[in-house]
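# Results of the structural survey
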Amino acid sequence: MVVLRAKCAIIGDQTVGKSAVTQAFHSDGSHFPKAYTMTTHPELCVKSVNIPDTQDSVELMLIDLPGEEALQENITSYLEDCNMVVVVFDVTRSQTFENSITWLNKARTAAGASFMGGVLLGNKADLDARREVIREQGEEVARTNDLDYFECSAKNGSEIDTPFHFIASMFHAYYKDKVGQFITMA
Amino acid sequence: MPNVCKESEGAHVVLATSWDPEHPPEALVDGEEGTFWSTTGMYPQEIVITFPAATRVTTLETKSACIKNIVIQKSSNQSPAGWDDLTSTELTHSEGHVQLEDHKIDPCIIRHIRIIIKSGYEPFVALYSIVMEGTPIES
Ligand SMILES: Nc1nc2c(ncn2[C@@H]2O[C@H](COP(=O)(O)OP(=O)(O)OP(=O)(O)O)[C@@H](O)[C@H]2O)c(=O)[nH]1
Ligand SMILES: [Mg+2]
């Protein structure tokens, strides 16, 4: 029965829905910010996730970062020691999809030795008629960058938990693996 | 001189920032080579060990895995407060091997020891043992 603690950054272009996704997950779907409020400085929240078939849990410390270009100066320090990322893009704007990998690389560099991967998350899946990025494209880019791919809608709350449960399980598996190595190294 | 940093010598853990029941903080003072305290995510991490009496210590060695920056402090007060730095070291890392470090210290009187892990080469680190040769002084 161990409680692990992971630092996870939510990154991506402006208005893709990083804050909406984070808040929907954190509030168990009870909160969706309809009106847009630009995130001007990193916002932190913590949410615990139980790992299936174990007594273990992972406390995710989520850092919701601003997407706005002009606010990027101080972000590097928040990405330091970051374990995982949720790279969010908007499925109705292909430009935000193209920028995801730039976000990923920036986070990977800033995070250093603690970095272990993450997910690529296509948000606003409810706006299917306006879709510019299809699932197959997302999966392809995720695969070539060692990420896993998910889609969700913060608006109607669908598939919000899935990517977060996935990274929690990933962190847990990494820990179990490391501890196994520590045992053999002794 | 005996290793005073063992449960059998009366040393015990009074604080630790990570707790996995399978690899608990107490593993550090159980006198066994193979057991370890594992950290469970994020830095910094710390552990405080208290000795049954003020102890004159002459050596300090650690056995660990994946630690990068480590700071060790001592206190000679009755309660664990008023910390002074003993060492601050960047350990080297070689994949798949433990780190054995002889921290060169001047002989000193210690009642409590505090180990702060500031960073790691991995998201998690292990601390197997601390060997401190010394003799308790009567108080
Ligand atoms: N239709 C739809 N709109 C969404 C969804 N998620 C977020 N939005 C809307 O998109 C706008 C931007 O959402 P935010 O969560 O503030 O975006 P952000 O990525 O945090 O933006 P910055 O903080 O500026 O980087 C808001 O008006 C939300 O209501 C979604 O799943 N579907
Ligand atoms: Mg935001």
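Residues numbered from 1 in each chain as written. Chains lettered and ligands numbered in written order. Predicted model: local features only at pLDDT ≥ 70, side-chain atom pairs only at ≥ 80, totals over all residues. Heavy atoms only, no water.

As annotated in an unreviewed UniProt entry, chain B carries the name F5/8 type C domain-containing protein and is attributed to Salpingoeca rosetta.

Turning to chain A, the UniProt record has this under Sequence similarities (unreviewed entry): "Belongs to the small GTPase superfamily. Rab family." The record held by UniProt for chain A lists under Subcellular location (unreviewed entry) the comment "Cell projection, Cilium, Flagellum". (UniProt positions renumbered as here; feature names shortened; annotations may be inferred.)

### Thoughts on the coordination of the magnesium ion (ligand 2)
All names here are of chain A. Protein-derived coordination of the magnesium ion (ligand 2) comes from S19 (OG) and T39 (OG1), at a distance range of 2.0 Å. With S19 in helix α1 (residues 18–26) and T39 in the loop between α1 and β2 (43–50), the pair connects residues that are 20 residues apart, well separated along the chain. On the basis of relative accessible area, S19 is assigned to the buried category, the value being 15%. Judged by relative accessible area, which is 9%, T39 ranks as buried. (Donors = N, O, S within 2.8 Å, 3.2 Å for Na, K, Ca; no water. Helix = DSSP H or I, 4+ residues; strand = E, 2+ residues; numbered from the N terminus. Buried < 20%, exposed > 50% of the residue type's maximum accessible area, 1.4 Å probe, protein only.)

### Thoughts on the nonpolar core
One broad trend across soluble globular proteins is that nonpolar side chains are buried collectively. Counting 68 residues, the largest nonpolar core has A:L60, A:F182, B:I49 and B:M132 as the members making the most contacts within it. Among the elements that take part in this core, helix α6 (residues 161–185) of chain A stands out by supplying eight residues, more than any other. If we skip the residues at most four places from it in the chain, A:F182 touches B:F36, B:A65, B:C66, B:F124, B:V125, B:A126 and B:Y128. (Core = buried A, V, L, I, M, F, W, Y, C linked by side-chain atoms within 4.5 Å. Contact = heavy atoms within 4.5 Å.)

### Section: the packing of aromatic side chains
Ring pairs (aromatic) are described by centroid distance and by the angle formed between their planes. According to the stated counting rule, one finds nine aromatic pairs over all chains in the structure shown. An angle of 25 degrees between the planes, with centres 6.3 Å apart, marks the rings of A:F89 and A:Y149 as stacked. Note that A:F89 is positioned in strand β4 (residues 84–90) and A:Y149 in strand β6 (residues 148–151), a separation of 60 residues in sequence. Here A:F89 matches A:Y149 in class, with each residue buried. Ring geometry for A:F182 and B:F36: centres 5.7 Å apart, planes at 80 degrees, overall edge-to-face. Separated into two different chains, A:F182 in helix α6 and B:F36 in the loop between β1 (12–16) and β2 (37–38) make up a pair that spans both. (Phe/Tyr/Trp six-rings, centres within 6.5 Å; stacked < 30°, edge-to-face > 60°.)

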